[in-house]
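What the coordinates show
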Amino acid sequence: RASVVVAAGPRLAGKSTKASTRVLIDGEADGYEKEDALHLSISLDDVALDSHIRAALAEDDRASFDLFAPAGRVRAFCDVVKERGKGKRAINHMRLTCEDVSLTFRNFPYRLTRVTGDIEFLEKEILAKNIVGWHGGTRFRILGAITDLGSGAGFDMTIEAAPVVLDEELRVAFEPEM
């Protein structure tokens, strides 16, 4: 994979030839030792939600990715903050802006397409902010949080749908596993 990186002061910008993703990194670091402080803002435009992205994720993050089986392209914004000091760990805050994504929640197999809106990944929860998607002619609006991201995840979500088509596909999605 060839990449072009341009450095201008504290800012790095680049473009990979593997895909059309544009990367911008801005921030500062006290140094290169693990005790040093780090503050970075990273933005990525036109990121494909594919097997390459999935493979790059940590194991827990792959489990979250698999929970929704996303496909399409997003814009991603990530802030990485690590305060100076021994044993301090970096805190990541990421936001994905969906522009034309599809996804299916594993426990409710009802594929949404043309998904737009923001998804924020915090340390212990995922926030859905004005997610709008479609299943056939039904428009869904989703907002709320997924907490306790382990296997016993908790949900505090509001889901609005209209017009709801009562068909076999919806009946199967409501099977007892839910």
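Notes on the structure in this doc start here. It should be emphasised that the depicted structure is a prediction, and the values quoted were computed from it without experimental measurement.

**Points about helix α2 (residues 59–68)**
Within α2, the full set of buried residues consists of S64, F65 and L67. The buried residues of α2 occupy an angular sector of 155 degrees when the element is viewed end-on, so they sit on one face. In this structure, the buried residues of α2 make contact with α1 (51–56), β6 (91–105) and β8 (125–135). Of the residues one or two after α2, A69 is the one with positive phi, at around 45 degrees.

**Here's the deal with the nonpolar core**
Formed by 24 residues in total, the largest nonpolar core has its most connected members in V74 and V115. Elements supplying a minimum of two residues to this core: α2, β5 (73–82), β6, β7 (108–121), β8, β9 (138–147) and α3 (168–173). Discounting chain neighbours no more than four positions away, the residues touching V74 are L44, D45, D46, V47, L49, L96, T97, C98 and V101.

**Considerations on the packing of aromatic side chains**
In this structure the tally under the stated criterion is five aromatic pairs. Taking 5.9 Å as the distance between ring centres and 70 degrees as the angle between the ring planes, the aromatic pair formed by Y110 and F140 counts as edge-to-face. Of this pair, Y110 sits in strand β7 while F140 sits in strand β9, and the two are 30 residues apart along the sequence. Each member of the pair, Y110 together with F140, is buried. Three or more aromatic residues link up through ring pairs in this structure, and these residues are F108, Y110, F140 and F174.

**Overview of the pattern of salt bridges**
The final tally for this structure, using the stated rule, is 11 salt bridges. Of the charged contacts, one joins D36 and R84 as a salt bridge, the two residues approaching to 2.6 Å between their closest N and O atoms. One end of the pair, D36, is in the loop between β3 (22–29) and β4 (38–48); the other, R84, is in the loop between β5 and β6, and 48 residues separate them in sequence. We note a salt bridge from E120 to K129, for which the minimum N-O separation is 2.6 Å.

**A word on the pairing of β6**
Taken together, the eight bridges between β5 and β6 define a ladder with antiparallel strand orientation. Looking at β6, one finds that V81 is bridged to I91. Connecting the antiparallel pair β6 and β7 is a turn made up of two residues.

Conventions used here
Residues numbered from 1 in each chain as written. Predicted model: local features only at pLDDT ≥ 70, side-chain atom pairs only at ≥ 80, totals over all residues. Heavy atoms only, no water. Buried < 20%, exposed > 50% of the residue type's maximum accessible area, 1.4 Å probe, protein only. Helix = DSSP H or I, 4+ residues; strand = E, 2+ residues; numbered from the N terminus. Arc of directions from axis to C-beta. Contact = heavy atoms within 4.5 Å. Core = buried A, V, L, I, M, F, W, Y, C linked by side-chain atoms within 4.5 Å. Phe/Tyr/Trp six-rings, centres within 6.5 Å; stacked < 30°, edge-to-face > 60°. Salt bridge = Lys/Arg side-chain N within 4 Å of Asp/Glu carboxyl O. Pairing = 2+ DSSP bridges.

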